[in-house]
Amino acid sequence: MKIVTWNINGVRARLGNLLHWLQESAPDIACLQEIKTVDEQFPRAEIEALGYHVETHGQKGFNGVAILSKLRFDEVNRGLPGDESDEQARFIEGVFSTDKGVLRVVSLYLPNGNPIDDDRKFPYKLSWMARLEAWATGRLALEEPLVLAGDYNVIPEPIDAKNPQNWLGDALFQPETRQAFRRLVNLGFTEAVRATTDAPGTYTFWDYQAGAWQKDNGIRIDHLLLSPEAANFFGSATIEKHVRAWEKPSDHVPVAVNLTVGAV
DNA sequence: ATGGTTGGTAGCCAA
């Protein structure tokens, strides 16, 4: 089973790319972030025509996440628990049945947090990460295969940036950010890309600005975290870097993981 | 060091 995360940066602006990619990459489950649309305007019919079930948690203009799946959804949960006043659409969980039992997959879009001296943005990021850790702690107690896929807006280590010194003042690379990410992983998750390779130059995002793609000035911020039960089925992770060279690309590329579970 | 680009929206903001 191939599970992929991709920050698509506007699903309506990227529909041609998305449809082409779905046919080329053929994910069983695709977790999208930054769909930037309300549910009613999500291009559901075109995606369903390729054989996918579609569940969205959209928002006007910003954010928004979705899960596309060849498997039927047994259950869908929208929104990260822990703050009833949080109206930003950044989290959706799908529950599926496989030949090895239940499988839970989350598509998450962790807050960017910039600028760090803003009185709301960075604290919101850190509180969201604390809520995610609390939620994940509860899910891990179920001892089920769980994949936490998404745009974490976290550069975990210096090796995950071409020019780490350029990110020292950025919310994505603050010590508190990196520590919160390590705390989450250390609950017992396997970070699929890092478990596959330690090679420098392993990036998932290249800014549109200043020729970042042409200079390979990238960062690795899209991650797939596997619960112990999911890691038992873990094969390898792949970054579909070539998608960044397409016409009208997203600034992120798809990141895939293969699990040795099948449809029922 | 600065400025550079894109999407959604109609506020320039968020990234």
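Everything quoted here is computed from the prediction, not taken from an experiment. (Residues numbered from 1 in each chain as written. Chains lettered and ligands numbered in written order. Predicted model: local features only at pLDDT ≥ 70, side-chain atom pairs only at ≥ 80, totals over all residues. Heavy atoms only, no water.)

Enquirer: Any chance you could explain the overall build of chain A here in plain terms?
Expert: Scanning chain A from terminus to terminus reveals six helices and 14 strands. A globule of 264 residues ought to have a C-alpha radius of gyration of about 18 Å, and chain A, at 17 Å, matches this closely. Overall size of chain A, expressed as C-alpha extent along the three principal axes, is 50 × 45 × 40 Å. Expressed as a percentage of its 264 residues, the buried residues of chain A come to 55%. (Helix = DSSP H or I, 4+ residues; strand = E, 2+ residues; numbered from the N terminus. Rg over C-alpha atoms; globule rule 2.2 N^0.38 Å. Buried < 20%, exposed > 50% of the residue type's maximum accessible area, 1.4 Å probe, protein only.)

Enquirer: What am I meant to see in the nonpolar core here?
Expert: If you look at soluble globular proteins, the nonpolar side chains tend to sit buried side by side. By size, the foremost hydrophobic cluster in this structure holds 26 residues, and its most contacted members are Ile3, Ile29, Leu103, Val105, Val147 and Leu259. When residues of this core are traced back to their parent elements, those giving at least two are strand S2 (29–33), strand S4 (65–69), strand S6 (91–98), strand S7 (101–109), strand S8 (146–151), helix H5 (192–196), strand S12 (222–226) and strand S14 (255–259). In contact with Val105, not counting residues within four places along its chain, are Ile3, Ile29, Cys31, Ile67, Ile92, Glu93, Gly94, Phe96 and Val147. If you look at the next biggest cluster of nonpolar residues, it comprises 22 residues, including Phe91, Val154, Phe189 and Leu225. (Core = buried A, V, L, I, M, F, W, Y, C linked by side-chain atoms within 4.5 Å. Contact = heavy atoms within 4.5 Å.)

Enquirer: Can you walk me through the packing of aromatic side chains in this structure?
Expert: Given two aromatic rings, their pairing is described by the distance between the two centres and the angle made by the two planes. A full pass over the atoms with the stated rule returns six aromatic pairs. Between Trp6 and Trp21, the aromatic rings sit 5.0 Å apart at their centres with planes inclined by 55°, giving tilted as the arrangement. Note that Trp6 is positioned in strand S1 (residues 2–7) and Trp21 in helix H1 (residues 15–25), a separation of 15 residues in sequence. Owing to a relative accessible area of 0%, Trp6 belongs among the buried residues under this scheme. Pairing Phe73 with Phe96 gives two aromatic rings, centres 4.9 Å apart and planes at 45°, and the pair type is tilted. Here Phe96 lies in strand S6 and Phe73 lies in the loop between S4 and strand S5 (75–78), a separation of 23 residues in the sequence. (Phe/Tyr/Trp six-rings, centres within 6.5 Å; stacked < 30°, edge-to-face > 60°.)

Enquirer: Could you clarify how one ought to interpret the protein's contact with DNA strand B in this entry?
Expert: Around DNA strand B lies a shell of 17 residues, among which Arg14, Gly61, Tyr208, Gln209 and Lys248 are the nearest. Note that a sugar or linking oxygen of DNA strand B is positioned 3.5 Å from one of the backbone N or O atoms of Tyr208. At 3.1 Å from a phosphate oxygen of DNA strand B is found a side-chain nitrogen or oxygen belonging to Lys248. In terms of residue class, the surface near DNA strand B is built from five nonpolar, five polar and seven charged. (Near = heavy atom within 4 Å. Polar contact = N/O pair within 3.5 Å; in protein donor to acceptor, adjacent residues only side chain to side chain. Nonpolar A, V, L, I, M, F, W, Y, C, P; charged D, E, K, R; others polar.)

Enquirer: When you look at unusual backbone geometry in this model, what are you seeing that I'm missing?
Expert: As a rule of thumb, non-glycine residues mostly have phi less than zero, and peptide bonds are mostly trans rather than cis. Note that the residue after Asn114, namely Pro115, is joined by a cis bond; omega there is -5°. For Asn9, which is not a glycine, the phi torsion comes out positive at approximately 50°. Tracing the backbone through its elements, the reader meets Asn9 in the loop between S1 and H1. The exposure class assigned to Asn9 is buried, which follows from its relative accessible area of 13%. Of note in this structure, Asn63 is not a glycine but carries a positive phi near 55°. Looking at the secondary structure, you find Asn63 in the loop between strand S3 (53–57) and S4. Of the residues examined, Asn63 reaches a relative accessible area of 6% and is grouped as buried.

Enquirer: Can you walk me through the packing of helix H3 (residues 121–140) against helix H4 (residues 175–185) in this structure?
Expert: One can describe the packing of H3 onto H4 by two numbers: an axis separation of 10 Å at closest approach and a directional angle of 10°. One way to sum up the angle between H3 and H4 is to call them roughly parallel. Contacts between H3 and H4 pair Phe122, Lys125, Leu126, Met129, Leu132, Glu133 and Ala136 from the former with Glu176, Thr177, Ala180, Phe181, Arg183 and Leu184 from the latter. Tallied by class, residues from the contact of H3 with H4 come to eight nonpolar, one polar and four charged. (Axes fitted to C-alpha atoms, helices over the stretch in contact; angles between N-to-C directions. Parallel < 35°, antiparallel > 145°, perpendicular 65-115°, else oblique.)

Enquirer: It is not clear to me how H3 should be interpreted in this structure. Could you clarify?
Expert: One turn of the α-helix equals 3.6 residues, which is why residues spaced by three or four share an orientation. Its 20 residues give H3 an end-to-end C-alpha distance of 28 Å, which sits within 8% of 28 Å, the value for a rise of 1.5 Å per residue. Those residues of H3 lying buried are Phe122, Tyr124, Lys125, Trp128, Met129, Arg131, Leu132, Glu133, Trp135, Ala136 and Leu140. Turning to H3, the residues buried within the fold contact S6, S7, S8, H4 and helix H6 (228–231). (Expected span 1.5 Å × (residues − 1).)

Enquirer: Can you help me understand the sheet that holds S7 in this one?
Expert: Sheet strands associate in pairs through backbone hydrogen bonding, adopting either a parallel or an antiparallel arrangement. Read across the sheet, six strands follow the order S5-S6-S7-S8-S12-S9 without closing on themselves; strand pairing throughout is mixed. Among the strands making up the open sheet, the edge pair consists of S5 and strand S9 (190–191). With five bridges joining them, S8 and S12 adopt antiparallel strand pairing. Of the residues in S12, the one forming a bridge with Ala149 is Leu224. (Pairing = 2+ DSSP bridges.)

Enquirer: Looking at this model, I keep getting lost on the pattern of salt bridges. Mind explaining?
Expert: As a working rule, side chains carrying opposite charge can pair if their charged atoms are close by. Within the structure shown, the criterion is met by 15 salt bridges. Between Glu93 and Arg104 there is a salt bridge, with the nearest N and O atoms lying 3.1 Å from each other. Residue Glu93 is found in strand S6, and its partner Arg104 is found in strand S7; the two are separated by 11 residues along the sequence. Arg104 sits in the buried class, given a relative accessible area of 10%. Linking Asp198 and Arg194 is a salt bridge whose minimum nitrogen-to-oxygen distance equals 3.9 Å. Overlapping salt bridges, with partners in common, bring together Asp160, Glu191, Arg194, Asp198 and Arg220 in one network. (Salt bridge = Lys/Arg side-chain N within 4 Å of Asp/Glu carboxyl O.)

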